[in-house]
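The residues making up each chain are set out below.
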Amino acid sequence: MASPVITNFVRQQGFPTEPADACNMRFEGLYFQPRIVFPLVLAAVALQSALLFLLISAVLWWNVLLPGGNPFEVFYNRWIAGPRGRLPLSPAPAPRRFAQAVNAAFNLGSGLTLLAGWNVASWIVQAMLVGAFSLLIFGKFCLGAYVFHVLR
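All of the points below concern the structure found in this document. (Residues numbered from 1 in each chain as written. Predicted model: local features only at pLDDT ≥ 70, side-chain atom pairs only at ≥ 80, totals over all residues. Heavy atoms only, no water.)

1. Some points on helix 7 (residues 143-151)
Note the cut-off: Each residue is assigned to one of three classes by its accessible area relative to the maximum for its type, calculated with a 1.4 Å probe on protein chains only: buried under 20%, partly exposed between the two thresholds, exposed over 50%. By the criteria applied, helices consist of DSSP H or I runs no shorter than four residues and strands consist of E runs no shorter than two, each listed in order from the N terminus. What the arc describes is the spread of directions from the helix axis to the C-beta atoms. Throughout, a residue-residue contact means that at least one pair of heavy atoms, one from each residue, lies within 4.5 Å.
Residues of helix 7 that are buried include every one of Gly144, Ala145 and Phe148, and no others. Mapping the buried residues of helix 7 onto a view down its axis gives an arc of 100°, with all of them on the same face. Elements that come into contact with the buried residues of helix 7 comprise helix 1 (4-12) and helix 5 (94-116).

Structure representation (C-alpha coordinates):
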(Lines give C-alpha, C1' and ligand atoms only; values in the text may rest on other atoms or scores of the structure.)
Protein backbone atom coordinates (compact mmCIF):
# COMPACT_ATOMS: atom_id res chain seq x y z
CA MET A 1 0.00 0.00 0.00
CA ALA A 2 1.35 3.43 -0.94
CA SER A 3 1.72 5.82 1.95
CA PRO A 4 -0.04 9.18 1.78
CA VAL A 5 3.39 10.85 1.48
CA ILE A 6 4.28 8.78 -1.60
CA THR A 7 0.85 9.30 -3.15
CA ASN A 8 1.12 13.04 -2.57
CA PHE A 9 4.63 13.14 -4.04
CA VAL A 10 3.56 11.35 -7.23
CA ARG A 11 0.56 13.67 -7.65
CA GLN A 12 2.74 16.70 -6.90
CA GLN A 13 5.01 15.64 -9.78
CA GLY A 14 2.02 15.90 -12.12
CA PHE A 15 0.92 12.28 -12.36
CA PRO A 16 -2.67 11.13 -11.73
CA THR A 17 -3.68 9.18 -8.64
CA GLU A 18 -3.01 5.48 -9.21
CA PRO A 19 -3.56 2.22 -7.35
CA ALA A 20 -1.06 1.69 -4.52
CA ASP A 21 1.18 -0.80 -6.36
CA ALA A 22 1.43 1.40 -9.46
CA CYS A 23 2.03 4.46 -7.29
CA ASN A 24 4.90 2.75 -5.45
CA MET A 25 6.48 1.66 -8.74
CA ARG A 26 6.15 5.15 -10.23
CA PHE A 27 7.66 6.64 -7.07
CA GLU A 28 10.72 4.40 -7.37
CA GLY A 29 11.17 5.53 -10.96
CA LEU A 30 10.70 9.20 -10.10
CA TYR A 31 13.31 8.94 -7.35
CA PHE A 32 15.93 7.41 -9.67
CA GLN A 33 17.16 10.77 -11.01
CA PRO A 34 17.45 12.58 -7.65
CA ARG A 35 19.34 9.62 -6.18
CA ILE A 36 21.99 10.15 -8.84
CA VAL A 37 22.01 13.94 -9.07
CA PHE A 38 22.11 14.71 -5.33
CA PRO A 39 25.44 12.91 -4.72
CA LEU A 40 26.85 14.73 -7.76
CA VAL A 41 25.71 18.05 -6.28
CA LEU A 42 27.27 17.11 -2.94
CA ALA A 43 30.53 16.29 -4.75
CA ALA A 44 30.39 19.64 -6.56
CA VAL A 45 29.86 21.42 -3.23
CA ALA A 46 32.69 19.52 -1.53
CA LEU A 47 35.07 20.16 -4.43
CA GLN A 48 33.74 23.67 -5.12
CA SER A 49 33.74 22.60 -8.77
CA ALA A 50 32.18 25.15 -11.10
CA LEU A 51 32.60 22.68 -13.96
CA LEU A 52 30.60 19.96 -12.20
CA PHE A 53 27.81 22.41 -11.30
CA LEU A 54 27.68 23.57 -14.93
CA LEU A 55 27.62 19.99 -16.26
CA ILE A 56 24.76 19.06 -13.91
CA SER A 57 22.93 22.19 -15.00
CA ALA A 58 23.41 21.34 -18.69
CA VAL A 59 21.98 17.84 -18.24
CA LEU A 60 19.00 19.16 -16.28
CA TRP A 61 18.29 21.84 -18.92
CA TRP A 62 18.39 19.04 -21.50
CA ASN A 63 15.74 17.19 -19.45
CA VAL A 64 13.56 20.30 -19.34
CA LEU A 65 13.85 21.18 -23.02
CA LEU A 66 13.67 17.61 -24.35
CA PRO A 67 11.69 15.63 -21.75
CA GLY A 68 11.41 12.59 -24.00
CA GLY A 69 15.22 12.39 -24.13
CA ASN A 70 15.91 12.59 -20.39
CA PRO A 71 18.97 10.30 -20.05
CA PHE A 72 18.02 9.25 -16.51
CA GLU A 73 14.55 8.17 -17.60
CA VAL A 74 15.86 6.46 -20.75
CA PHE A 75 18.37 4.51 -18.64
CA TYR A 76 15.76 3.67 -15.99
CA ASN A 77 13.22 2.48 -18.57
CA ARG A 78 15.71 0.34 -20.46
CA TRP A 79 17.82 -1.17 -17.70
CA ILE A 80 15.60 -1.15 -14.61
CA ALA A 81 11.89 -0.87 -15.41
CA GLY A 82 11.86 -3.18 -18.42
CA PRO A 83 13.81 -6.11 -16.99
CA ARG A 84 12.05 -5.90 -13.62
CA GLY A 85 8.52 -5.50 -14.96
CA ARG A 86 8.05 -2.02 -13.52
CA LEU A 87 6.13 0.88 -14.98
CA PRO A 88 8.26 2.81 -17.46
CA LEU A 89 8.61 6.52 -16.88
CA SER A 90 6.82 8.74 -19.35
CA PRO A 91 8.16 12.19 -20.25
CA ALA A 92 7.96 14.51 -17.28
CA PRO A 93 4.75 16.50 -16.78
CA ALA A 94 4.96 20.27 -16.29
CA PRO A 95 5.44 20.26 -12.47
CA ARG A 96 8.39 17.87 -12.72
CA ARG A 97 9.94 19.81 -15.62
CA PHE A 98 9.55 23.04 -13.66
CA ALA A 99 11.32 21.46 -10.67
CA GLN A 100 14.12 20.28 -12.96
CA ALA A 101 14.41 23.81 -14.40
CA VAL A 102 14.69 25.29 -10.91
CA ASN A 103 17.36 22.71 -10.07
CA ALA A 104 19.19 23.51 -13.32
CA ALA A 105 19.05 27.23 -12.57
CA PHE A 106 20.48 26.76 -9.07
CA ASN A 107 23.28 24.58 -10.40
CA LEU A 108 23.97 27.18 -13.09
CA GLY A 109 23.99 29.90 -10.44
CA SER A 110 26.38 27.88 -8.28
CA GLY A 111 28.76 27.34 -11.16
CA LEU A 112 28.67 30.93 -12.44
CA THR A 113 29.12 32.48 -9.00
CA LEU A 114 32.12 30.23 -8.41
CA LEU A 115 33.62 31.26 -11.73
CA ALA A 116 33.03 34.93 -10.90
CA GLY A 117 34.74 34.51 -7.52
CA TRP A 118 31.59 35.45 -5.61
CA ASN A 119 32.17 32.88 -2.91
CA VAL A 120 29.56 34.09 -0.40
CA ALA A 121 26.84 34.23 -3.07
CA SER A 122 27.90 30.81 -4.31
CA TRP A 123 27.69 29.30 -0.82
CA ILE A 124 24.20 30.77 -0.37
CA VAL A 125 22.98 29.28 -3.66
CA GLN A 126 24.63 25.95 -2.86
CA ALA A 127 23.03 25.87 0.60
CA MET A 128 19.61 26.46 -0.95
CA LEU A 129 20.28 23.70 -3.50
CA VAL A 130 21.37 21.20 -0.84
CA GLY A 131 18.40 22.20 1.35
CA ALA A 132 15.90 21.61 -1.45
CA PHE A 133 17.53 18.28 -2.32
CA SER A 134 17.46 17.25 1.34
CA LEU A 135 13.72 17.93 1.47
CA LEU A 136 13.32 15.81 -1.66
CA ILE A 137 15.47 12.86 -0.67
CA PHE A 138 14.74 12.69 3.05
CA GLY A 139 11.27 14.23 3.22
CA LYS A 140 9.82 13.13 -0.13
CA PHE A 141 8.82 16.76 -0.72
CA CYS A 142 9.71 18.42 -4.02
CA LEU A 143 10.02 22.13 -3.39
CA GLY A 144 10.22 22.94 -7.12
CA ALA A 145 6.99 21.11 -7.93
CA TYR A 146 5.33 22.70 -4.90
CA VAL A 147 6.31 26.18 -6.15
CA PHE A 148 4.89 25.24 -9.57
CA HIS A 149 1.52 24.46 -8.01
CA VAL A 150 1.57 27.59 -5.84
CA LEU A 151 2.28 29.77 -8.88
CA ARG A 152 -0.59 28.20 -10.80
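2. Describing helix 4 (residues 71-84)
To keep things clear, this is the line we draw: Given the number of residues in a helix, its expected span is that number minus one, multiplied by 1.5 Å. Think of it this way: the bend at a residue is just the angle between two axes, each fitted to seven residues, one set ending at that residue and the other starting at it. Polar contacts, as used here, are pairs of N or O atoms within 3.5 Å; protein pairs need one atom able to donate a hydrogen and one able to accept it. Residues neighboring in sequence count only if both atoms are side-chain atoms.
Taking 1.5 Å of rise per residue, 14 residues should cover 20 Å, and helix 4 covers 19 Å from first to last C-alpha, within 8% of that figure. At Asn77, helix 4 shows its strongest bend, of approximately 40°. Those residues of helix 4 not exposed but buried are Phe72, Glu73, Tyr76, Ile80 and Ala81. Buried residues along helix 4 sit in contact with helix 2 (20-47), helix 3 (50-65) and helix 5. The N-terminus of helix 4 is capped by Asn70, whose side-chain oxygen sits 2.8 Å from the backbone nitrogen of Phe72. Directly beyond the C-terminal end of helix 4, a positive phi value near 70° is found at Gly85.

3. Focus: the pattern of salt bridges
Oppositely charged side chains can form a pair if their charged atoms are brought close together. What counts is decided by this rule: The salt bridge criterion pairs a side-chain nitrogen of Lys or Arg with a carboxyl oxygen of Asp or Glu, the two atoms within 4 Å.
In the structure shown here, the tally under the stated rule is three salt bridges. Of the charged contacts, one joins Glu28 and Arg35 as a salt bridge, the two residues approaching to 3.2 Å between their closest N and O atoms. The class for Glu28 is partly exposed, based on a relative accessible area of 32%. Its relative accessible area of 44% is what places Arg35 among the partly exposed residues.

4. Remarks on the packing of aromatic side chains
Filter applied, for reference: Pairing of aromatic rings covers Phe, Tyr and the six-membered ring of Trp, with a centre-to-centre limit of 6.5 Å; geometry is then stacked below 30 degrees between planes, edge-to-face above 60, and tilted otherwise.
Taken as a whole and assessed by the stated rule, the structure comprises eight aromatic pairs. Measuring from centroid to centroid gives 5.5 Å for Phe32 and Tyr76, while their planes differ by 50°, and the two rings are tilted. Remark: Tyr76 occurs in helix 4 and Phe32 occurs in helix 2; sequence separation between them is 44 residues. In this structure, Phe32 and Tyr76 share a single accessibility class: buried. An angle of 20° between the planes, with centres 5.0 Å apart, marks the rings of Phe38 and Phe133 as stacked. One end of the pair, Phe38, is in helix 2; the other, Phe133, is in helix 6 (residues 119-139), with 95 residues separating them in the sequence. When its relative accessible area of 4% is taken as the criterion, Phe133 is described as buried.

5. Structural notes on a nonpolar patch on the surface
Our working definition: What makes a patch is a set of residues exposed beyond 30% relative accessible area and free of salt bridges, joined within 9 Å when like-charged and within 5 Å when nonpolar (Val, Leu, Ile, Met, Phe, Trp, Tyr). Reported accessibility uses the Shrake-Rupley method at a 1.4 Å probe radius. Residues are deemed covered only where the shown protein chains occlude them.
The grouping of Trp61, Trp62, Leu65, Leu66, Leu108, Leu112 and Leu115 at the surface amounts to a nonpolar patch, some 700 Å² of accessible area in total. When contributions to the nonpolar patch are tallied by element, the ones reaching two or more residues are helix 3 and helix 5. Mapped onto the fold, Leu115 is located in helix 5. Residue Leu115 is classed as exposed on the basis of its relative accessible area of 59%.

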